[in-house]
Amino acid sequence: MKKRNKLKILNDPIYGFITLPNELIFDLIEHKFFQRLRRISQMGLSYLVYPGAHHTRLHHALGCMFLMQKAVRVLRFKGVAISDEEEQALYIAILLHDIGHGPFSHAMEHSIVNGISHEAISLKFMEEINSEFNGSLTLAIRIFKGEYHRNFLHQLISGQLDMDRLDYLKRDSFYTGVSEGNINSERIITMLTVVEDELVVEEKGIYSVEKFLLSRRLMYWQVYLHKTSLVAENLLIRVLKRANELVEEGCTLPASNALTFFLQHTIKEENFTSEVLSLFAKLDDYDIVAAMKAWTTCDDFVLSKLSSMLLNRDLLKIKIKKKPFKSEKIEKLTINIEQKFGISEKEAQYFVFTGKISNQAYDQNKQNINILLKTGKIVDIVKATDQFNLKALSKPVDKYFICYPKGQN
């Protein structure tokens, strides 16, 4: 039998050709858990605003691995010792870092499962694959969890300047057409080095880091927290919440087997077993879209109306401001909706709701972006820069929103 060639080259619209480093990486990419990422959109429902934003988690994972290959080459060139085992583990960890995302990425963390993050589910997937691959992911899992003694390896996967952020900003900018997010990720990587087990940026890379932080802020306001995306994501959460409520009351709703299971059961960290994981692995964007198409003709007014709104992009109106909305305004809008549609107060709250959004481009409390000055001194980016607005970028900015049906005031 002819041996299969597993050393493939993939063509990526952002970076050009991506070479798979070895056969294990090929086998992981071929795995059904990873292939599922083809059916999970990277930016949730943002394509309702930016029609080009149809790229998937699979695109992103491969891009992250490409950047990690570049990071390993750069650090080794600068004399940082990275063993072959550590190199392999970095590629595995970054390739699988987002494997735990549910349908439409972030929206599902508040509806299909409760109190368990996509990172925790990613870890469960990695452990499951590790048992299939005879423990060859063990080091990758230790680095992913931050339990390995060389801290900078974890920072490359999860930190203020990790490969994840360096890929998604550039990729999301490309697919949305929002040029403000187009960072020079490869230049930032070229400026990385390691001092005392910490990832630092050489002084000449300071302007690229400034641009990165500014781009991150702009992409959040302009893309990730865009008001139409915000409405859509909140409607999706409410669609699933309503479906869950109806199933609990004994209604039978058309849905795939996997989605039906999650509507019937409250899944939390403590009961997320390997059986639950295998059902979660069958869930993707298509389950949700197919269910909503069926639910548009449902007898329940709330579920059919919310599903139609999302499918036909006939969304709620949204207003955003710097201070919370007064309870009298919310109450007035709720009463209007109750009377207009002849529904209860509880049902009307699916169409009138408020929320809070926060944007912090640089969180100094989590981990610093350190600059290595030519003198050998290491200082935080905020102190090293002559950009007065970087200090402002490290403070969280909160805004408040209210959603309600069009034609109401």
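In what follows, the accompanying structure is described. Just so it is clear, the model here is predicted, and its values are computed rather than measured. (Residues numbered from 1 in each chain as written. Predicted model: local features only at pLDDT ≥ 70, side-chain atom pairs only at ≥ 80, totals over all residues. Heavy atoms only, no water.)

On to the packing of helix α11 (residues 227-248) against helix α14 (residues 285-295), then. Contact pair α11 / α14: the axes reach a minimum separation of 12 Å and the direction vectors enclose 65°. Taken together, the axes of α11 and α14 lie roughly perpendicular to each other. As α11 packs across α14, the resulting crossing turns out to be left-handed. Facing L236, V239, L240 and A243 of α11, the residues of α14 in contact are I288, M292 and W295. A per-class count over the contact of α11 with α14 returns 7 nonpolar, no polar and no charged. (Axes fitted to C-alpha atoms, helices over the stretch in contact; angles between N-to-C directions. Helix = DSSP H or I, 4+ residues; strand = E, 2+ residues; numbered from the N terminus. Parallel < 35°, antiparallel > 145°, perpendicular 65-115°, else oblique. Left-handed = near helix turned anticlockwise from the far one by under 90°. Contact = heavy atoms within 4.5 Å. Nonpolar A, V, L, I, M, F, W, Y, C, P; charged D, E, K, R; others polar.)

Here we take up the pattern of salt bridges. On inspection of all chains with the given rule, the structure shows 17 salt bridges. Between D27 and K6 there is a salt bridge, with its nearest N and O atoms 2.9 Å apart. With a gap of 21 residues between them, D27 in helix α1 (residues 23-30) and K6 in the segment before β1 (9-12) connect regions that are remote in the sequence. A salt bridge links R242 to E347; the shortest N-O distance between them is 3.3 Å. (Salt bridge = Lys/Arg side-chain N within 4 Å of Asp/Glu carboxyl O.)

This part takes up the sheet that holds strand β3 (residues 192-195). Across the sheet, 4 strands lie side by side as β3-β4-β7-β8; this open sheet has mixed pairing. Both edges of this open sheet fall to β3 and β8 (378-380), since each of them pairs with a single strand only. Within the sheet, the average angular offset between the axes of one strand and its neighbour, ignoring direction, is 45°. Relative to strand β4 (residues 198-202), β3 runs antiparallel, the two sharing 4 bridges. Of the residues in β4, the one forming a bridge with V195 is E198. (Pairing = 2+ DSSP bridges.)

That's the geometry; what it means functionally is another story.
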